[in-house]
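# Structure at a glance
Below, each chain spelled out in residue letters.
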Amino acid sequence: MILIDGKKAAAELRAELKEEVAELKSKHNKVPGLTVILIGDLAPSQIYVRNKEKSANEVGLKSEVIKYPDSVEEKTVLEKIQELNSDKTVSGILVQLPLPKHIDKQKVIEAIDPSKDVDGFHPMNVGNLSSGYESSIPCTPLGCYLLIKKIEPNLSGKKAVVVGRSNLNGKPMTQLLLKENCTVTITHSKTKDLKAECLEADIIVAAVGIPELVRGDWVKKDAIVIDVGINKTDNGIVGDVHFDEVSKNAKALTPVPGGVGPMTIACLLKNTIDCFKRSQI
Ligand code: GUN
């Protein structure tokens, strides 16, 4: 079984991006800039944002974090986004989710200039991705995709099962696999026989947030299994895949932690650089 080392893959990607930033700097005499807006003091969000800032600095991006208290008015956030949209030193804007209840998430996402939307959540980018046009691609599915391609560069004709249909993961993951000519099945809580669906798969991407849902006898020998889950349980953090059982069957599997997570942040840096490059054309 190949244990897919997301930490190593992310470090390699960051090294490539660092070189690219240096080249862009010498060519344009400026570097891509990432601005993250963080609202409130949720611990996981604070940790994510700190890691994003650290990684952005490591590859040489200009990085800024704007923090607001939980009580900030929606109008203040929308005005800040407008300001960042017109700021030429800002290549990418990310508003850390989840947001406090009184702030309309969709309004915030749609306020971001699609050409600076490093999350790929703006409907324009969602549409472009599903139409096969150039777009920002949500960071987690992009990270999963790059890990899958490392194991199997030719995905044409493979059967892929995506477990979960969220806008953040399941749906964009499906689009990326479709683009690679996979036959993709999207499964969800109303799927009749999830085990039977998974048993058909050459590739399984589990992104539902149910601890250890995917069991050893759900997985065909030689399947590639990508675990997007991060679930807090009494036994610590576990993924959506039963690691011990599935590792006995699968050809390749991502661990949790150390699998998809590190790639997500590296892909955010990649998206920031890609937004910068498109803005220079
Ligand atoms: N919170 C958890 N994951 C994400 C993400 O990918 N983007 C944003 N903006 N917030 C998140």
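What comes next concerns the included structure.

Rules used in this analysis
Residues numbered from 1 in each chain as written. Predicted model: local features only at pLDDT ≥ 70, side-chain atom pairs only at ≥ 80, totals over all residues. Heavy atoms only, no water. Pairing = 2+ DSSP bridges. Helix = DSSP H or I, 4+ residues; strand = E, 2+ residues; numbered from the N terminus. Near = heavy atom within 4 Å. Areas by Shrake-Rupley, 256 points an atom, 1.4 Å probe, with all protein chains shown as cover. Nonpolar A, V, L, I, M, F, W, Y, C, P; charged D, E, K, R; others polar. Disulfide = S-S within 2.5 Å. Buried < 20%, exposed > 50% of the residue type's maximum accessible area, 1.4 Å probe, protein only. Polar contact = N/O pair within 3.5 Å; in protein donor to acceptor, adjacent residues only side chain to side chain. Contact = heavy atoms within 4.5 Å. Right-handed = clockwise from strand over helix to strand, strands pointing away.

Reading across the sheet, the six strands line up as S1-S11-S8-S7-S5-S6 and stay open at both edges, with parallel pairing between neighbours. A strand with exactly one partner marks an edge of an open sheet, and here the two such strands are strand S1 (2-3) and strand S6 (183-187). Here strand S5 (residues 159-163) pairs with S6 via five bridges, running parallel. In the sheet register, valine 162 faces S6, and the bridge partner there is isoleucine 186.

Attention now moves to the site of the ligand. In the neighbourhood of the ligand, the contacting residues comprise Leu94, Val95, Gln96, Leu97, Asp119 and Phe121. When isolated, the ligand has an accessible area of 280 Å², and the protein chains bury 82% of it. Looking at the shell around the ligand residue by residue, the classes come out as four nonpolar, one polar and one charged.

Tallied over the full model, the rule gives zero disulfides. With no disulfide partner, cysteine 267 has as its closest neighbouring cysteine sulfur the one in cysteine 139, 6.5 Å distant. Residue cysteine 275 stays outside any disulfide, its sulfur separated by 9.7 Å from that of cysteine 139, the closest cysteine. The exposure class assigned to cysteine 275 is buried, which follows from its relative accessible area of 2%.

Before going further, it helps to spend a moment on the side chain of threonine 272. Within the fold, threonine 272 resides in helix H10 (residues 260-280). A distance of 2.8 Å separates the side chain of threonine 272 from the backbone oxygen of leucine 268, its partner in a polar contact. In this structure threonine 272 touches Pro32, Gly33, Leu34, Leu61, Ser91, Gly92 and Val118, once residues within four positions along its chain are discounted.

A separate point is the environment of asparagine 167. You can see asparagine 167 is positioned in the loop between S5 and helix H7 (170-179). Asparagine 167 sits 29 residues away from proline 138 along the chain, and the two C-alpha atoms are 9.1 Å apart. Polar side-chain contacts of asparagine 167 include one of 2.9 Å to the side chain of lysine 171.

Across a regular strand the side chains alternate sides, sitting on one face of the sheet and then on the other. In terms of burial, strand S2 (residues 33-39) is largely enclosed, as seven of its seven residues are buried. Going residue by residue along S2, you find Gly33, Thr35, Ile37 and Ile39 tucked away on one face and Leu34, Val36 and Leu38 tucked away on the opposite face as well. Examined bridge by bridge, S2 and strand S3 (residues 62-68) share seven bridges and lie parallel to one another. Its bridge partner being in S3, isoleucine 37 is matched across the sheet by isoleucine 66. In this fold, S2 hands off to helix H2 (residues 43-59), which returns the chain to S3; that crossover is right-handed.

So yeah, pure geometry; function would need other evidence.
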